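Given next are the chains, with one letter for each unit.
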Amino acid sequence: MTPRLTLAHSPCPNDTFVFHAWTHGLLPGAPGTEVTLADIDVTNGLAERAQFDVLKVSYGVLPYVLDDYALLSSGGALGHGCGPLVLVREPAEPAALAGARIAVPATRSTAYLLFRLWAADAVPGGFGDIVVLPFHEIMPAVRDGAVDAGLVIHEARFTYGRYALHRLADMGEEWDKRTRLPIPLGAIIARRSLGDTLLRRLADTLRASVRAARRRPEASRAYVLAHAQEMEPDVVDRHIDLYVNSFTEDLGTEGRRAVGTLLERSAAQGLLPAVPPDALEPY
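The text that follows walks through the structure, step by step, so that each part is easy to find. (Residues numbered from 1 in each chain as written. Predicted model: local features only at pLDDT ≥ 70, side-chain atom pairs only at ≥ 80, totals over all residues. Heavy atoms only, no water.)

A few words now on the pairing of strand β11 (residues 183–191). Across a regular strand the side chains alternate sides, sitting on one face of the sheet and then on the other. Across the nine residues that make up β11, a large majority, nine, are buried. Here strand β3 (residues 54–58) pairs with β11 via five bridges, running antiparallel. Among the inter-strand pairings, valine 54 is bridged to a residue of β11, identified as alanine 190. Examined bridge by bridge, strand β5 (residues 77–79) and β11 share three bridges and lie antiparallel to one another. Each residue of the ladder has a partner; that of glycine 79, found in β11, is isoleucine 183. (Buried < 20%, exposed > 50% of the residue type's maximum accessible area, 1.4 Å probe, protein only. Helix = DSSP H or I, 4+ residues; strand = E, 2+ residues; numbered from the N terminus. Pairing = 2+ DSSP bridges.)

Now for the packing of helix α1 (residues 13–23) against helix α8 (residues 196–215). Interhelical geometry of α1 versus α8 gives an angle of 110° and a closest axis separation of 7 Å. When the axes of α1 and α8 are compared, the pair comes out roughly perpendicular. Considering only the axes of α1 and α8, their crossing is right-handed. Together, Phe17, Val18, Phe19, His20, Ala21 and Trp22 of α1 and Leu202, Thr205, Leu206, Ser209, Val210, Ala212, Ala213 and Arg214 of α8 make up the contact between the two elements. Grouping the amino acids of the contact of α1 with α8 by side-chain chemistry returns 10 nonpolar, three polar and one charged. (Axes fitted to C-alpha atoms, helices over the stretch in contact; angles between N-to-C directions. Parallel < 35°, antiparallel > 145°, perpendicular 65-115°, else oblique. Left-handed = near helix turned anticlockwise from the far one by under 90°. Contact = heavy atoms within 4.5 Å. Nonpolar A, V, L, I, M, F, W, Y, C, P; charged D, E, K, R; others polar.)

We now examine the sheet that holds strand β7 (residues 102–104). Reading across from one edge, β8-β7-β9-β6-β10 is the order of the five strands in this open sheet, with mixed pairing throughout. The sheet is open, and its two borders are formed by β8 (130–132) and β10 (166–170), each paired with just one other strand. Neighbouring strand axes in the sheet, compared pairwise and without regard to direction, differ in orientation by 30° on average. In the sheet, β7 pairs with β8 via three bridges, with the strands oriented parallel. Along β8, the bridge assignment pairs alanine 103 with valine 131. The strands that helix α5 (residues 135–143) touches are β6 (85–88), β7 and β9 (149–152); relative to β9, the one it contacts most, it runs at about 160°. Across the sheet, helix α7 (residues 171–179) touches β6, β9 and β10, and the angle it forms with β10 is around 25°.

The next subject is the packing of aromatic side chains. Taken as a whole and judged by the stated rule, the model has three aromatic pairs. Ring geometry for phenylalanine 115 versus tryptophan 118: centroids 6.0 Å apart, planes at 40°, classification tilted. Placement of the pair is phenylalanine 115 and tryptophan 118 together in helix α4 (residues 110–122), with a separation of three residues, close to one helical turn. For the pair formed by phenylalanine 115 and tryptophan 118, the shared burial category is buried. Look at phenylalanine 115 and phenylalanine 127: their rings are 5.2 Å apart centre to centre, the planes differ by 40°, and that puts the pair in the tilted class. Remark: phenylalanine 127 occurs in the loop between α4 and β8 and phenylalanine 115 occurs in helix α4; sequence separation between them is 12 residues. We classify phenylalanine 115 as buried; its relative accessible area is 0%. Relative accessible area serves as the criterion here: at 22%, phenylalanine 127 is assigned to the partly exposed category. (Phe/Tyr/Trp six-rings, centres within 6.5 Å; stacked < 30°, edge-to-face > 60°.)

All right, on to the side chain of serine 266 then. With respect to the element layout, serine 266 can be found in helix α12 (residues 252–268). Within the local environment of serine 266, its side chain forms a polar contact with the backbone oxygen of leucine 262, the two atoms lying 2.8 Å apart. Aside from chain neighbours lying at most four places away, what touches serine 266 is Leu113, Leu117, Leu271 and Leu272. (Polar contact = N/O pair within 3.5 Å; in protein donor to acceptor, adjacent residues only side chain to side chain.)

Taken as a whole, this structure holds 20 salt bridges when the rule is applied. Across the salt bridge formed by arginine 101 and aspartate 129, the nearest N and O atoms sit 3.8 Å from each other. Here the residue arginine 101 occupies a position in the loop between β6 and β7, and aspartate 129 occupies one in the loop between α4 and β8, the gap between them amounting to 28 residues. Between arginine 178 and aspartate 121 there is a salt bridge, with its nearest N and O atoms 4.0 Å apart. Of this pair, arginine 178 sits in helix α7 while aspartate 121 sits in helix α4, and the two are 57 residues apart along the sequence. (Salt bridge = Lys/Arg side-chain N within 4 Å of Asp/Glu carboxyl O.)

Spelled out as structure tokens, the structure:
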């Protein structure tokens, strides 16, 4: 009998939606789980310390954890039109970020990698200090002048107008212009020590959980909303629609190419260590 697996993922609507069927016993025969909900910067740290069996992490942390963890082909977040935004108090051009103090949600994240790749060309003068803040504190910090600009993720793309902020750049649009590929945002990883058979079973379980969620969204509704208490239901729905898609069911050839492209470009800029291609082969 397979022991219960330790699983950590964020309380964001797309993750609670995706994992609901699996973690609530709606998939007969699926491995049992002990679930911990934590923001993505926390799960990134848990992965680097190899403390859980299965985790949702930023693609930006993959090069640091691939000795212990394998990438799963299902359950992650990729897509078009879903990239992080750079926000400012007053309308401005990218050159205004030269020497600026910028708040970001993490430095080992896809959002930060996309920002750095974009800024290398768009901000030739170079930006100033980088300040790491919890993502829900970034828009107030920009509004109040504690920082000059903020890199925001998640539902902030739907709500930044409430803070009277302006979009300076959309990292998703910039990535699309350069690659025509989806943005690889969040990955599902599992311990390599679980073995090939269980790793393949986990990928199949996640795929089944995604399909169950999309087929019967009402089944997870109360659970998703309970962990999205600061979001209105319509924002929750838009969040799920944006971040749960065909790539969540399976990376596919295009998704794998997107992941490889992000990591290769980041390594070329010295932002990440290089990753051997075979280390990225998903289950």
